[in-house]
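# Structural description and commentary
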Amino acid sequence: MAEITTLIQIFIWGLTAGCIYVLMAVGLNMIFGVMKVVNFAHGEIMMLGAFTSFWVYNYTGINPYFIMFISMIVVGIFGVIIERYGFRKVLGTGKLNEIFLSLGLIYIIQNLSVKLWTDDIRKINSPFSSMTLDLGMLNITYDRLIAIGFTALILISLYLFLTKTDVGRALRATSQNHEAAMLMGVNVNHMYMLSFGIGSALAAAAGTIAAILTPFNPYMGTISGIMAFTVIIIGGLGSIPGAIIAGLMLGLVQNFTIFYFGGAWKDAVAFVLLIIVLIIKPTGLFGEEH
Amino acid sequence: MLKFENVNVSYGAVQILWDVNFEIDDGEIITIIGPNGAGKTTIAKTIMGLFKPTSGTIEFDGKQIHIAPTHQIVKDGIALVPEGRDLFPRMTIMENLQMGAHTSNEKKETLKWVFELFPRLEERQKQFAGTMSGGEQQMLAIARGLMSRPKLLILDEPSLGLSPIMVNKVFEIVKILKSQGVTVLLVEQNIHHALEVSNRGYVLETGRITLEGASSELLDNKHVKEAYLGM
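Now for a description of the structure that goes with this document. (Residues numbered from 1 in each chain as written. Chains lettered and ligands numbered in written order. Predicted model: local features only at pLDDT ≥ 70, side-chain atom pairs only at ≥ 80, totals over all residues. Heavy atoms only, no water.)

This next bit is on the interface of chain A and chain B. In this assembly, 18 residues from chain A lie in contact with 22 residues from chain B. On the chain A side of the contact with chain B, Q176, L183 and M184 of chain A bury the most area, a combined 37% of that side's loss. At the boundary of chain A and chain B, one finds 3 salt bridges. The salt bridge partner of R172 of chain A is E95 of chain B, with a shortest N-O separation of 2.8 Å. Across the contact surface, chain A and chain B share 7 residue pairs in polar contact (both at pLDDT 80 or more). Counting residues per element, the ones that place at least two in the side of chain A that touches chain B are α6 (166–176) and α7 (178–183) of chain A. No other element matches α6 of chain A, which puts 6 residues into the side of chain A that touches chain B. Considered class by class, the residues forming the side of chain A that touches chain B number 8 nonpolar, 5 polar and 5 charged. (Contact = heavy atoms within 4.5 Å. Buried area = accessible area lost by both parts, 1.4 Å probe. Salt bridge = Lys/Arg side-chain N within 4 Å of Asp/Glu carboxyl O. Polar contact = N/O pair within 3.5 Å; in protein donor to acceptor, adjacent residues only side chain to side chain. Helix = DSSP H or I, 4+ residues; strand = E, 2+ residues; numbered from the N terminus. Nonpolar A, V, L, I, M, F, W, Y, C, P; charged D, E, K, R; others polar.)

Now the structure itself:
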């Protein structure tokens with residue numbers, strides 16, 4: 001039996017890993033909920049978020065947690081452009097077109113990033129990187145606590161936006177019944193752009209946090225994108241609470257697996273978890289029966 | 001107020017509406033009756049821009065609306081209460097009503113008016129729409145439609161699947177709206193009720209208007225009696 005302090009340490013690591021999954025998965029679910037489109041290039045959007053933060057940090061040196069919000073805006077706008085000139089064009093022409101568009105985007109964004117910025121390993125250095133919260137036997141780096149705090153802050157802001165504002169309500173209405181939303185006078189094209197913008201901004205936040213905690217290169221998004229899909233399927237397609245629970249769960253399970261069974265099982269265990277959930281509840285934890 | 005001129009609508013390769021002509025004047029209650037599959041819902045959806053005519057024109061308040069997007073048509077002053085209601089199930093009654101007022105600037109006054117018409121909704125405004133009974137959902141759907149303060153309200157099969165008591169309530173509401181000067185287009189299979197509350201009616205059969213006239217005339221018409229009223 002491991003010492004309790006070690007277990008708490010792993011728990012915190014699991015939560016931070018989970019926060020990144022949550023931000024990714026909630027964004028993916030926003031887009032899926034409103035547009036019924038699956039963007040397989042979501043991991044690459046995250047990577048663009050990491051690079052945007054990295055370059056702004058590199059040239060200005062200001063606090064990367066502040067830069068995160070700049071990155072969210074920049075990448076959010078990029079998401080809007082992808083929707084407007086990419087997904088909008090193929091919407092309703094068949095699922096296969098949407099899938100291939102997003103698969104194509106993976107390689108375009110990834111290869112272009114390697115071409116522009118090489119595949120060197122980089123890292124954003126947080127001013128808090130050497131600081132830890134010292135609790136006797138237990139050491140927790142400030143960066144991990146900040147990551148958890150910012151994730152909570154972003155999710156609470158998103159919740160308030162979706163429930164308390166007219167535009168947020170219109171977004172939810174569009175995801176619940178697209179035609180009815182049109183009949184209420186909602187311009188659903190605007191909602192599509194907005195959902196893509198918000199989803200991409202959340203991915204940029206995830207990318208920035210990931211780039212502060214661990215080294216990255218243009219391939220960082222591949223596995224993160226797949227994990228985000230695993231999370232939304234475990235949590236139930238379209239369910240934001242489901243994505244939050246499943247994301248945190250996956251982060252914790254992965255980190256405890258690394259501790260007990262070794263790092264090689266890290267990604268495999270995600271799919272074991274996925275299969276177990278699908279056997280017990282085929283619609284995912286919070287999924288709706290159809 | 002609303003004018004259909006030689007409107008043709010196709011769905012894929014199948015033509016649904018054939019040279020449809022009809023008119024609605026200010027303050028009128030108009031009924032379109034006809035059997036299942038005649039294209040009644042298609043007329044409603046075409047007015048809202050959800051279907052685009054292959055030819056013909058639709059004019060509303062002197063404006064050509066058949067080329068406009070749905071959200072613009074709503075802004076111009078038409079609201080559709082769709083068949084099957086299409087509420088937002090995971091939103092509260094209040095949120096559904098707020099969605100109805102999405103294009104409106106006078107939410108508060110409208111809400112007061114709608115709650116006067118449907119006092120039950122005010123009592124239960126925090127309940128989720130998906131948990132209401134069918135009849136209550138229909139009331140909410142009509143209330144939501146009224147929240148945009150439409151010049152023209154279209155009700156598509158509002159009495160479908162409701163208990164007789166609720167059916168009476170629906171037509172009760174239509175009568176109240178009539179007395180308040182709201183223009184209503186009723187698309188109904190419950191012909192007797194519908195013609196009783198309306199000024200004029202049109203009979204739509206396999207996508208064509210086959211008969212039109214004052215409601216009282218249609219109620220006395222031999223064909224209508226035989227085919228729709230079972231007399």
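This is not the end of the story, as more comes after the structure.
Let us look at the pattern of salt bridges. Between side chains of opposite charge, pairing is possible as soon as their charged atoms come close. Counting across every chain of the model gives 13 salt bridges over all chains. Here R169 of chain A makes a salt bridge to D166 of chain A, at a shortest N to O gap of 3.2 Å. Taken together, the residues R169 of chain A and D166 of chain A, both in helix α6 and 3 residues apart, mark about one turn of the helix. Take D166 of chain A: its relative accessible area is 37%, and that puts it in the partly exposed class. With its nearest N and O atoms 3.1 Å apart, the salt bridge here joins R120 of chain B to E136 of chain B. Pair noted here: R120 of chain B is in helix α5 (residues 119–123) and E136 of chain B is in helix α6 (residues 134–146), with a separation of 16 residues, a long-range link. Given the relative accessible area of 45%, R120 of chain B is considered partly exposed. On the basis of relative accessible area, E136 of chain B is assigned to the buried category, the value being 15%. Members of the salt-bridge network, linked through shared partners, are D166 and R169 of chain A together with K107 of chain B. (Buried < 20%, exposed > 50% of the residue type's maximum accessible area, 1.4 Å probe, protein only.)

Before going further, it helps to examine the layout of surface pockets. What the largest pocket holds in volume is close to 1,000 Å³. Every residue lining the largest pocket is counted, 28 residues in all, and those nearest its centre are G238, S239, I240 and P241 of chain A together with R90 of chain B. When contributions to the lining of the largest pocket are tallied by element, the ones reaching two or more residues are α1 (4–35), α5 (142–164), α6 and α10 (240–261) of chain A. The residue inventory of the lining of the largest pocket, partitioned by class, reads 13 nonpolar, 10 polar and 5 charged. What the second largest pocket holds in volume is close to 470 Å³. Lining the second largest pocket are 21 residues, and of these A17, I20, Y21, T214 and K266 of chain A sit closest to its centre. Those elements giving two or more residues to the lining of the second largest pocket turn out to be α1, α8 (188–213), α9 (220–235), α10 and α11 (266–280) of chain A. (1 Å grid on protein atoms, 1.4 Å probe; cavity = no way out; pocket = protein on both sides within 12 Å on 5 of 7 lines; lining within 4 Å. Points joined across faces, edges and corners; volume = space filled by probe spheres on them.)

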